[in-house]
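Now for the letters of each chain:
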Amino acid sequence: MYSVEHQLQELQLIRCSLLRGEVFSFVLPSEDMITWTSLLDVLDSGVDGEIELPTKGTSLCSATFSVKVAGLPVWFEVQVPEGPIERSDVLVRGENISRYQQERWQSIVSESIAEVRDSEFPIYELLSLHLLPRLHEYNDDKHPSTSAGLAPSEIHSHRPEIFHALLTSHHLISATKRKLIKGWSSELHVTGFAKVGYPGLIYAEGEKENVEEFVKNMKAMNWLALRVRFVEQVAASAQTANTGDEWVEVQKISEELELMRKKGRKLCITNHGIGNSST
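Given the structure is predicted, the values throughout are model-derived calculations rather than measurements.

A closer look at the environment of His-6
Here is step 1 of the chain: Relative to the helices and strands, His-6 resides in helix H1 (residues 4–17).
Here is step 2 of the chain: For the pair formed by His-6 and Glu-82, sequence separation is 76 residues and the distance between their alpha carbons is 9.1 Å.
Here is step 3 of the chain: Beyond its immediate sequence surroundings of up to four residues, His-6 is in contact with Glu-120 and Phe-121.

Digging into the nonpolar core
Here is step 1 of the chain: Counting residues in each nonpolar core, the largest one holds 39 residues, and the members touching the most others are Leu-11, Phe-26, Phe-65 and Val-90.
Here is step 2 of the chain: Those elements that provide at least two residues to this core are H1, strand S1 (22–26), helix H2 (30–45), strand S2 (64–69), strand S3 (74–79), strand S4 (90–94), helix H3 (99–116) and helix H4 (122–142).
Here is step 3 of the chain: Among the elements that take part in this core, H4 stands out by supplying eight residues, more than any other.
Here is step 4 of the chain: Beyond its immediate chain neighbours, meaning those up to four positions away, Leu-11 contacts Phe-24, Phe-26, Trp-36, Leu-40, Ala-63, Phe-65 and Val-80.
Here is step 5 of the chain: In terms of nonpolar packing, the next biggest core, distinct from the first, is built from 19 residues, Phe-163, Ile-181, Ile-202 and Val-211 among them.

Remarks on the confidence of the model for the protein
Here is step 1 of the chain: Averaged over every residue, the pLDDT of the protein is 81; residues scoring 70 or more account for 81%.
Here is step 2 of the chain: The weakest mean pLDDT in the protein belongs to helix H5 (residues 152–155) at 43; the strongest belongs to S3 at 94.
Here is step 3 of the chain: For the stretch residues 145–158, pLDDT sits under 50, and the model shows two contacts to residues farther than four places along the chain or on other chains.
Here is step 4 of the chain: Confidence over residues 241–245 falls short of pLDDT 50; this stretch has four contacts with residues more than four positions distant or in other chains.

Thoughts on the sheet that holds strand S6 (residues 191–195)
Here is step 1 of the chain: Taken together, the five strands give an open sheet; going across it, the order is S8-S5-S7-S6-S9, and neighbouring strands pair in mixed fashion. If you trace the sheet from one side to the other, it starts and ends with strand S8 (227–233) and strand S9 (247–250), each paired once. Neighbouring strand axes in the sheet, compared pairwise and without regard to direction, differ in orientation by 10 degrees on average.
Here is step 2 of the chain: Across eight bridges, the pairing between strand S5 (residues 162–169) and strand S7 (residues 200–207) is antiparallel.

Quick word on the sheet that holds S1
Here is step 1 of the chain: Taken together, the four strands give an open sheet; going across it, the order is S1-S2-S3-S4, and neighbouring strands pair in antiparallel fashion. In the strand order of this sheet, the two ends are held by S1 and S4, each with one partner. Ignoring strand direction, the axes of neighbouring strands in this sheet form an average angle of 25 degrees.
Here is step 2 of the chain: Bridging between S2 and S3 involves four bridges; their strand directions are antiparallel. Opposite Thr-64, over in S3, you have Gln-79 as the bridge partner.
Here is step 3 of the chain: On the sheet, H1 packs against S1 and S2 and is oriented at approximately 150 degrees with respect to S1.
Here is step 4 of the chain: Where H3 meets the sheet, it contacts S3 and S4, and its direction lies at approximately 155 degrees from that of S4.

Cut-offs applied
- Residues numbered from 1 in each chain as written.
- Predicted model: local features only at pLDDT ≥ 70, side-chain atom pairs only at ≥ 80, totals over all residues.
- Heavy atoms only, no water.
- Helix = DSSP H or I, 4+ residues; strand = E, 2+ residues; numbered from the N terminus.
- Contact = heavy atoms within 4.5 Å.
- Core = buried A, V, L, I, M, F, W, Y, C linked by side-chain atoms within 4.5 Å.
- Buried < 20%, exposed > 50% of the residue type's maximum accessible area, 1.4 Å probe, protein only.
- pLDDT = per-residue confidence, 0-100.
- Pairing = 2+ DSSP bridges.
- Axes fitted to C-alpha atoms, helices over the stretch in contact; angles between N-to-C directions.

What follows is the structure, encoded as structure tokens:
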């Protein structure tokens, strides 16, 4: 049987792994939703000490939530299991979808569950490694994207393009990995931070080519559930003075939120479901 603490850790991993356009929401009565949300916010805040669980005699219902991709008619409703994951823990929901589509997605869920059954965090891996990528493929098939060209002012500008990137992983513990990351940040003149532990977060900023090379190096290493949340240009109005070739390691999500707040970019983190925007 999984403890409430284990279930909360899995829910935190799920929320932290969501990409832009992916939406997490509890599917619970209001009082139960407030309880689970409060417990998760405490965990996200990084405050030391044990999480205060409901008192004895007070029942805590199973955590049930949905994960959707904006604009898609198919989504998943999940009950966090207290033991081994079962097919009944993950339901396919939809809006105006055919019976064929419903059965197809149910089959995908069943096949994917078989691949994560032995995982420590099966729901997290099921969503981040299997179901959500399949939803994005489904979206790309229906709405192929087109690339817009750069504005003439951007094309002819000689000012270096400043980019930043955010990556998340199941964890960042390895001393070897951390040493390599720090070395690459120095070589490529990339600043930023790494949040070690569970989950792992890496934020990097620098010139476009350097950030892209840094991300390429990250992806070349062996990770559990590495996700590139974004690699994008920093708006000119949001660019800050370079504080030197500094690479920082932090232990808590609250610490990395504070670093981003000082840059005026806290929303770059919280908009991806990492941490609490009110802290």
